[in-house]
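Observations on the three-dimensional arrangement
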Amino acid sequence: MTELRRISLPTQPGAAAPKVGFVSLGCPKALVDSEQILTQLRAEGYETAKSYDGADLVIVNTCGFIDAAVQESLDAIGEALAENGKVIVTGCLGAKKDAAGDDIIMKVHPKVLAVTGPHAVGEVMDSVHQHLPKPHEPFIDLVPPAGIKLTPKHYAYLKISEGCNHRCSFCIIPSMRGDLVSRPIADLMLEAENLFKAGVKELLVISQDTSAYGVDVKFRTGFWNGKPVKTHMTQLIGALGELAAQYGAWVRMHYVYPYPHVNDVIPMMAGGHVLPYLDVPLQHAHPDVLKRMKRPASGEKNLERIQQWRAMNPDLTIRSTFIAGFPGETEAEFEYLLDFLKEAQIDRLGCFAYSPVEGATANALPNPVPAEVREERRGRVMLLQEEISRKRLEAKVGKTIRVLIDETNKTGAIGRSAADAPEIDGVVHIKKSLVPGAKRLAVGEFADVIVTKADAHDLWASVAQ
């Protein structure tokens, strides 16, 4: 059964409030959409149900990027219909049509109550009001300033924009989420401050293209605490870093395209609050493949930038994703990618075998790579990356690093260092201190640990005394 994702809100006194079940699928950007809908539901007095049979209706937030995600979303909708019967669907799959121009969801599941696209809080709430009228109880129209979050209390995502101006040939995100729309910088700073006040110790900045923040509004000037701040990536990260320092927290950047102004962010990492971590979705290295992908940067410049960033901050961790077997990719172009990876020494890497996505222009490119070759190339990338990752992590043995504790157990705790984003990177396994009177590790707190062992993905450590 699909999990109704980690949602349990406090029950309020008075008459029983209508209950909504919620299934949240997809990427962190979709997760933020879910949080916004849940926040509005809670503000209007609705409660959330832990199971299908305890819900008056169910909302399913879908993903529609690749075929596997589409199928997972359709299966989740089908399960919710079978278990509950009253289902509202939102998210990226809601904006997707089939080759005939028909709504995919309604074609497969005609009994759903309503379908909306992504970042459509108002439309979702209109549908909820229609099928489950809001309660009339003024004492429950309350919501915490930080909103309702689906992440653990000690970290949260901050989505700084919607949509994307790029037209990468393998991607259909702009057709589902539209062009870039940057959020006002004052709104972002207020949301960040409320999250830090609520106990968040790690703020993960996300968007489709974090480096392009503010392009759509020509980097107009906003105001925060009476001071002018431009709607620009570097000024936003600088302001978030200063705010994080006040609360002893971290700021981590995701989906950073390698534009020249990223260089201006690297010096901000010296203070320990803007983490020396960049999630840079490079996708390939060969210029011809990048051209067919319609990517906004060339492979040669990417390698130069990586080397420049590391010269500026040797502790920098770089995460990236790559596609193997893109249409037309020759063996020579693939070998070029492997040579790039050997030289770039990416710390954290994910590789996907190219998967045709309905509606993507890459599907029309000539010389598609056979499925078995795509998978074989993906395997070669990951085998190489395992060797690179192991060596880079083994270099940390004997060093003292700061970790944020995610969970505790009988033997100690599991935490993450500045090099580890939640759910996608490795972790640090921490051995419990046997020293009498030693401070106990607690979830959501920082600890300094000494690295004792490493493998290709994770670290092992003991508490520094």
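As shown above, the structure is provided for reference.
These figures come from a predicted structure and were not determined experimentally.

**Things to note about the pattern of salt bridges**
The full count for this structure, using the stated rule, is 25 salt bridges. A salt bridge links E329 to R377, with the nearest nitrogen and oxygen atoms 2.8 Å apart. In this pair, E329 is assigned in the loop between strand 14 (317-324) and helix 10 (331-344) and R377 in helix 11 (residues 371-394), connecting sequence segments 48 residues apart. For E329, a relative accessible area of 4% translates into the label buried. On the accessibility criterion, R377 (6% relative accessible area) is buried. The salt bridge partner of R348 is D420, with a shortest N-O separation of 2.4 Å. Taken as a pair, R348 in strand 15 (residues 348-353) and D420 in the loop between strand 17 (412-417) and strand 18 (428-431) lie far apart in primary sequence, 72 residues in all. Pair check on accessibility: R348 and D420 agree, each one buried. Three or more residues joined by partner-sharing salt bridges are found here, namely E329, E331, E335, E376, R377 and R380.

**Quick notes on the sheet that holds strand 17**
Overall, mixed pairing links the 5 strands, which are arranged 16-17-18-20-19 in a closed barrel. For this sheet, the mean angle separating the axes of adjacent strands, direction not counted, is 50°. Pairing of strand 16 (residues 400-409) with strand 17, which is carried by 6 bridges, proceeds in the antiparallel orientation. Across the sheet, residue I405 finds its bridge partner in strand 17, namely G415.

What counts and how
- Residues numbered from 1 in each chain as written.
- Predicted model: local features only at pLDDT ≥ 70, side-chain atom pairs only at ≥ 80, totals over all residues.
- Heavy atoms only, no water.
- Salt bridge = Lys/Arg side-chain N within 4 Å of Asp/Glu carboxyl O.
- Helix = DSSP H or I, 4+ residues; strand = E, 2+ residues; numbered from the N terminus.
- Buried < 20%, exposed > 50% of the residue type's maximum accessible area, 1.4 Å probe, protein only.
- Pairing = 2+ DSSP bridges.
- Axes fitted to C-alpha atoms, helices over the stretch in contact; angles between N-to-C directions.

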